[in-house]
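Close look at the chain arrangement
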Amino acid sequence: MASPVTEIAPATADVVLAHYRKRLSFETDCADVHAAQAAGAADFVLCDVRGTEAYGRAHVPGAISLPVGKMSERRMAEWPAETLFVVYCAGPHCNGTDKAAIRLASLGRKVKVMIGGMTGWADEGYAFEGEGVP
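Everything in this summary refers to the structure shown in the same document. Please read these numbers as outputs of a predicted model, since none were measured by experiment.

Membership of the largest hydrophobic core comes to 16 residues, with the highest contact counts inside it found for C47, V49, M71, M76, F85, V87 and L104. When residues of this core are traced back to their parent elements, those giving at least two are β2 (45-48), β4 (84-88), α5 (96-106) and β5 (110-115). Sorting elements by how many residues they give to this core places α5 first, with three residues. Judged by nonpolar contacts, the second largest core, of 15 residues, contains L46, Y55, A58 and Y126.

The tally for this structure, following the rule as stated, stands at two aromatic pairs. Relative to F85, the ring of W79 lies with its centre 5.3 Å away and its plane at 85°, an arrangement referred to as edge-to-face.

Attention now goes to the state of the cysteines. Cysteine pairs can be linked by a disulfide, which is a covalent bond between their two sulfur atoms. Under the criterion given, the structure shown has zero disulfides. The thiol of C30 is not disulfide-bonded; the next cysteine sulfur, from C89, is found 11 Å away. Taking the relative accessible area as the measure of exposure, C30 reaches 4% and is therefore buried.

Turning to its location among the elements, D48 is positioned in strand β2. Side-chain polar atoms of D48 contact the side chain of R50, separated by 2.7 Å. At 2.9 Å, the side chain of D48 forms a polar contact with the side chain of Y88. Ignoring any residue separated from it by four or fewer positions in sequence, one finds D48 in contact with Y55, A58, H59, A63, I64, S65, L66, P67 and Y88.

Right, let's get into α5. Within the span of α5, buried status applies to G96, T97, A100, A101 and L104. Here the buried residues of α5 occupy an arc of 130° about the axis, which is enough to place them on one side. Looking at α5, the residues exposed on the side facing more than 90 degrees away from the buried face are I102 and S106. Here the buried face of α5 lies against α4 (73-76), β4 and β5. Directly beyond the C-terminal end of α5, a positive phi value near 80° is found at G108.

So, about the pairing of β4. Where burial is concerned, most of β4 is hidden: four out of the five residues are buried. Across four bridges, the pairing between β4 and β5 is parallel. Each residue of the ladder has a partner; that of V87, found in β5, is V113. Handedness of the crossover is the feature at issue here: the chain leaves β4, passes through α5, returns alongside β5, and the resulting connection is right-handed.

About the criteria used
- Residues numbered from 1 in each chain as written.
- Predicted model: local features only at pLDDT ≥ 70, side-chain atom pairs only at ≥ 80, totals over all residues.
- Heavy atoms only, no water.
- Core = buried A, V, L, I, M, F, W, Y, C linked by side-chain atoms within 4.5 Å.
- Buried < 20%, exposed > 50% of the residue type's maximum accessible area, 1.4 Å probe, protein only.
- Helix = DSSP H or I, 4+ residues; strand = E, 2+ residues; numbered from the N terminus.
- Phe/Tyr/Trp six-rings, centres within 6.5 Å; stacked < 30°, edge-to-face > 60°.
- Disulfide = S-S within 2.5 Å.
- Polar contact = N/O pair within 3.5 Å; in protein donor to acceptor, adjacent residues only side chain to side chain.
- Contact = heavy atoms within 4.5 Å.
- Arc of directions from axis to C-beta.
- Pairing = 2+ DSSP bridges.
- Right-handed = clockwise from strand over helix to strand, strands pointing away.

And the structure:
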């Protein structure tokens, strides 16, 4: 008799590999963003998609404030077409990154979500910039 874990057979290794490679084409995490910044290799624009007040209180170092409502063709023209935008919001309880990813993709821009957002950044023990704490 199969357990709840094995009652549905696991995917083959090639299917697992394809699945997780595809998943990583949509997202990154706080540790990878931090490592890229620390190495001076941030080849992306990090965007805080929360409101400007929240950004002013605290944000990930190096991030710009770019709420979804400010993502216009005109605004995005400030960056070359091949620019990768990495977006984050408050945390896993927030769908702001999903909305930002949809908006940026609809403008023809490359985008990844930084999973965890502010909550993930804090959980990793990384410092914030701004007037206060998240």
